[in-house]
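Breakdown of the fold
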Amino acid sequence: MSDTIELAVTRYRPEQDTQPWEQRYTVPCSDDMSVLDALNYIKDALDPSLSHRWSCRMAICGSCGVMVNGEPKLSCKTFLRDYREAGVLEVRALDNLPVERDLVADISGVVEHIEAVKPWLIRHSEAPVDTAHSQTPAQMARYHAFSQCINCALCYAACPQFGRNPAFLGPAALTLAQRYNLDSRDEGSSERMPWLNAEEGVWSCTFVGYCSEVCPKDVDPASAINRGKVASDINYGVNLFRLLRGKGDA
Amino acid sequence: MRKPWQPQQPRSWWLRNPAYRRYMLREATALPLLLYTLLLLAGIVQFSRGEAAFATWLSWLQTPAGLLLQGIALAAALLHAVTWVALVPKILVIDSDRLRIDPRHVLRAHQLGALAGNLGLVGATLWLLWPAGGA
């Protein structure tokens, strides 16, 4: 068993480079080492010029997403031991996003998409602060999986429709819209439906389904978006009915 | 000063990953079904042109090319049906305060519906053809 492994890291230094290029590093390999540990080893011991993003080391901050052998992964949750057979580990910045430097992808466009769908509880009137909005366990279960999103953008790296058209709101934003629309305490679906119904909304999804495969938190965005299509259909029918009665959109 | 690298999606993006290849295969099932639909349309046209023309069309169906096209169309239809039905529980979620149906039951109902529909179709075809063929 080899105690080292080779990492082929795609570098991009905006001051010097006109396009990305590959640099190889040999790093120690043990059963407990993650890809993030390997990147930190390179940074600390081999090449301080390498840039990568990370924070919590426990798959909750969503900072350390990279492509590992062509698959979007959280580098803290991906272990070198699973790549011993492959020999070389190809690491590059997340696909479908602008690369700021080395392994740092610019996710600001994704964050703007997420903000657009108003991912927070919207109430027509705020309840007094000394009471809580009650919710049964069954009501919570309806959106709970969708609320586990950590905004790591792996689903955007996995989505060929987002790669084709960055205006597509994409998996995480549309999942969060569904997450709040399905919340029994929320009253804001009429403010989110125009985003779901839009050209850049749920109808740009063609159910490739890879977003759900790569999600490190088992959120299943493909299901959320395609349930959003059902919601969008119903909304269309309701709005048509309301239009005939001279009322505004629901 | 910032100078982000803007990646371009290559035309071969779908060859990069098994998940994308499976997706493209699922979507590509539409192509053999289009050809099969054209084949049936050609049959109707030939039928309107008389018995001899229709007999020629029927005999073409039994040539290796005809059988290959029908075989591919059948395989594509089956793949499309199986992959589509498998996705149903992710789309059709019946879960409200008034009514909740287990996703496994939704899947089972679709599988049974597809099976009943196909068996019914084969049964009806045999029933219609049997007196003519058997007598």
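Description of the structure in this document.

The rules we used
Residues numbered from 1 in each chain as written. Chains lettered and ligands numbered in written order. Predicted model: local features only at pLDDT ≥ 70, side-chain atom pairs only at ≥ 80, totals over all residues. Heavy atoms only, no water. Helix = DSSP H or I, 4+ residues; strand = E, 2+ residues; numbered from the N terminus. Rg over C-alpha atoms; globule rule 2.2 N^0.38 Å. Contact = heavy atoms within 4.5 Å. Buried area = accessible area lost by both parts, 1.4 Å probe. Salt bridge = Lys/Arg side-chain N within 4 Å of Asp/Glu carboxyl O. Polar contact = N/O pair within 3.5 Å; in protein donor to acceptor, adjacent residues only side chain to side chain. Nonpolar A, V, L, I, M, F, W, Y, C, P; charged D, E, K, R; others polar. Buried < 20%, exposed > 50% of the residue type's maximum accessible area, 1.4 Å probe, protein only. Pairing = 2+ DSSP bridges. Axes fitted to C-alpha atoms, helices over the stretch in contact; angles between N-to-C directions. Patch = residues over 30% accessible without salt bridge, like charges linked within 9 Å, V, L, I, M, F, W, Y side chains within 5 Å. Areas by Shrake-Rupley, 256 points an atom, 1.4 Å probe, with all protein chains shown as cover. Core = buried A, V, L, I, M, F, W, Y, C linked by side-chain atoms within 4.5 Å.

1. Focus on the overall build of chain B
Looking only at helices and strands, chain B has five helices and zero strands in total. The order of α-helices and β-strands along chain B, N terminus first, is α-α-α-α-α. Relative to a compact globule of 135 residues, whose C-alpha radius of gyration would be 14 Å, chain B shows 22 Å and is clearly more extended. In terms of overall dimensions, chain B has a C-alpha envelope of 80 × 50 × 25 Å along the principal axes.

2. Quick notes on the interface of chain A and chain B
The interface is formed by 35 residues belonging to chain A together with 23 residues belonging to chain B. Buried surface at the junction of chain A and chain B, both sides included, amounts to about 2,300 Å², of which 49% is carbon and sulfur. Among the salt bridges present, the one from Asp95 of chain A reaches Arg16 of chain B, with a minimum N-O distance of 3.2 Å. Seen at the junction of chain A and chain B, the total is 19 residue pairs in polar contact (both at pLDDT 80 or more). The set of elements that each furnish at least two residues to the side of chain A that touches chain B consists of strand E6 (99–101), helix H3 (137–144), helix H4 (154–158), helix H5 (160–164), helix H8 (210–214) and helix H9 (221–244) of chain A. Residue composition of the side of chain A that touches chain B, grouped by class: 14 nonpolar, 11 polar and 10 charged.

3. Quick word on the pairing of strand E3 (residues 65–68) of chain A
All names here are of chain A. By the alternation rule, side chains of E3 split into Gly65 and Met67 and Val66 and Val68, which are all buried. As defined by bridge partners, E3 adjoins strand E4 (residues 71–74) across four bridges and the pair is classed as antiparallel. Across the sheet, residue Met67 finds its bridge partner in E4, namely Pro72. Counting the residues that bridge the hairpin from E3 to E4 gives two residues, and of these Asn69 lies at a positive phi of roughly 45°.

4. Notes on unusual backbone geometry
Most peptide bonds adopt trans geometry, and most residues besides glycine take a negative phi value. Residues and elements named next belong to chain A. Although it is not a glycine, Asp102 adopts a positive phi angle of roughly 45°. Tracing the backbone shows Asp102 in the loop between E6 and strand E7 (104–105). Its identity as a non-glycine residue notwithstanding, Asp218 has a phi of 50°, on the positive side. Within the fold, Asp218 resides in the loop between H8 and H9.

5. Considering the sheet that holds E4 of chain A
All names here are of chain A. Here five strands make up an open sheet; going across it, the order is E2-E1-E5-E3-E4 and the pairing mixed. Two strands bound the open sheet, and with one partner strand each, they are strand E2 (21–28) and E4. The average undirected angle you get between the axes of adjacent strands in this sheet is 35°. Where E3 lies against strand E5 (residues 88–92), two bridges are found, and the strand directions are antiparallel. What sits directly across from Met67, in E5, is Arg92. Sheet contacts for helix H1 (residues 35–46): strand E1 (4–11), E2, E3 and E5; angle to E2, the most-contacted strand, approximately 95°.

6. Observations concerning a nonpolar patch on the surface
On the surface, Leu34, Leu35, Leu38, Leu41 and Ile44 of chain B cluster together into a nonpolar patch covering about 480 Å² of accessible area. Looking at the secondary structure, you find Leu38 of chain B in helix H2 (residues 30–48).

7. Details of the nonpolar core
Counting residues in hydrophobic clusters, the biggest one holds 47 residues, and the most contacted among them are Leu74, Leu94 and Tyr156 of chain A. Only helix H2 (108–116), H4, helix H6 (170–181), helix H7 (189–197), H8 and H9 of chain A together with helix H1 (18–28) and helix H4 (64–91) of chain B provide two or more residues apiece to this core. Among the elements that take part in this core, H6 of chain A stands out by supplying six residues, more than any other. Residues Val9, Met33, Val66 and Tyr83 of chain A belong to the second largest nonpolar core, which totals 19 residues.

8. A word on the pattern of salt bridges
Applying the stated rule across the entire model yields 24 salt bridges over all chains. Across the pair Asp17 of chain A and Arg13 of chain A runs a salt bridge whose closest N-O atoms are separated by 3.1 Å. Two residues, Glu187 of chain A and Arg123 of chain A, come together in a salt bridge whose shortest N-O distance is 3.8 Å. Here Glu187 of chain A, found in the loop between H6 and H7, pairs with Arg123 of chain A, found in the loop between H2 and H3; they are 64 residues apart in sequence, far enough to count as distant. Overall, the relative accessible area of 30% leaves Glu187 of chain A in the partly exposed class. For Arg123 of chain A, a relative accessible area of 25% gives the class partly exposed. Bridged by salt links that share partners, the residues Arg142 of chain A together with Asp95, Asp97 and Arg100 of chain B form one connected network.

Remember that the coordinates give geometry; whether it matters functionally is a separate question.
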